[in-house]
Amino acid sequence: MRHPATSRLYHKDERQRRRAVRKLFEVDDPDNLYDFINLLDDKEAWYREKSMEAIVKWANNGDEKIIQKLSNSEYISQRLLAAKLSQRLDKNRNKILQMLCLDNEITVRISAWEETLNVPDSEINNLIKNGMASEDKAIRKISLIRLSKMDNIEIKYILESLEDVSYSVINAGLEIIKSEPKINKDGDFDEHLTRIAFDKSNKNCNIAASILIEKNYTNAEMSKSILKWSEESDMVFLNPIVNSLRKIEWWNNEQLRLHIINDSSDAFVIKIIRGSNSEMVSKIRNEILTKSKRDDDVKSRIIEDLIGRKISNSTIEIIKEFKNNSNPTLSTVSKEILENL
């Protein structure tokens, strides 16, 4: 039996209409859902939104006509909702999603593709293939994100991503390799990674470089590359490279160890030794503080990074020598460290 409030949903009195909407939500009866449907076309946004809210609240697997109506709406928000609610349908889900995947609005296409890809791995292969063939870089990217969640990742799609024209698609492929290094154990991606790593115009060059470092850091050519990269000052470039070096015992590379003392960029040396309690890193830090040509501001930063951390006795003795330094910043930070020991 229909609730009496349903008769007031289309009342001429605005206050009556709003009270009716609120009352029906308060009653919370799914049988009232269809009384809200015409509100999807209301000239007032508030009623359209309440209609969508009712659909989200009460629509079930048998309400295909409602979701079909949403998918044909002139309003983007309603077509987006149709994509989201397609998962509730027992049949014609794919038909609705296929139409929405061709929508004129990119946000709708993306949402529809995300729902299309929300299927078991056993059904996903052709969908990812089609997604990777899309003209929309966002759809190629979300196809790769879905690929990354599979137990068995087909490398052909990653190879495609590394040759893509879009930064975001290349990045998605690189992130898969970075998080699943075992898929590159045979070096299937090394040629592409090297090309990207040495192309400074490619925004992903640092990610590619960091992957190569973790895989080939003992290689002589890679050591030369690391030395070159360590001279960069851009932290956006350096961050993933330093993070990869921290995963390995980089200090055992004598060339890099000697290069860090005087020749790498200030940004790199500050970042690479920050927070490390390794005995070898402590020795390198001490050499930078006492024997390098680094300026006092860099030494101040290095000492400042030791605040609140465990400090070796040898480093403490060096800091004591700086407390009366002519550089006020170096002197102040040294005194602060010593006062808090």
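The structure reproduced in this document is the subject of the present report. On a predicted model such as this, the values are computed, not experimentally measured, just so you know. (Residues numbered from 1 in each chain as written. Predicted model: local features only at pLDDT ≥ 70, side-chain atom pairs only at ≥ 80, totals over all residues. Heavy atoms only, no water.)

Burial of nonpolar side chains together is a common tendency in soluble globular proteins. Counting 100 residues, the largest nonpolar core has Ile55, Leu147, Ile158, Trp229, Leu245, Trp250 and Ile260 as the members making the most contacts within it. Tallying contributions element by element places helix H12 (residues 205-216) first for this core, with seven residues. (Core = buried A, V, L, I, M, F, W, Y, C linked by side-chain atoms within 4.5 Å. Buried < 20%, exposed > 50% of the residue type's maximum accessible area, 1.4 Å probe, protein only. Helix = DSSP H or I, 4+ residues; strand = E, 2+ residues; numbered from the N terminus.)

This paragraph deals with the packing of helix H17 (residues 279-291) against helix H18 (residues 296-304). One way to put it is that H17 packs onto H18 with a least axis distance of 10 Å and a crossing angle of 150°. H17 and H18 meet at a crossing whose hand is left-handed. Between H17, through Arg285, Ile288 and Leu289, and H18, the contact on the second element is made entirely by Lys299, Ile302 and Ile303. Tallied by class, the residues present in the contact of H17 with H18 amount to four nonpolar, no polar and two charged. (Axes fitted to C-alpha atoms, helices over the stretch in contact; angles between N-to-C directions. Left-handed = near helix turned anticlockwise from the far one by under 90°. Contact = heavy atoms within 4.5 Å. Nonpolar A, V, L, I, M, F, W, Y, C, P; charged D, E, K, R; others polar.)

Attention shifts here to the pattern of salt bridges. Under the definition given, this model contains 23 salt bridges. With its nearest N and O atoms 3.6 Å apart, the salt bridge here joins Arg15 to Asp13. Here Asp13 falls in the partly exposed class, since its relative accessible area comes to 25%. Note that Asp136 is salt-bridged to Arg109, the shortest N-O span being 2.7 Å. Note that Asp136 is positioned in the loop between helix H7 (125-132) and helix H8 (137-148) and Arg109 in helix H6 (residues 106-116), a separation of 27 residues in sequence. Take Asp136: its relative accessible area is 17%, and that puts it in the buried class. (Salt bridge = Lys/Arg side-chain N within 4 Å of Asp/Glu carboxyl O.)

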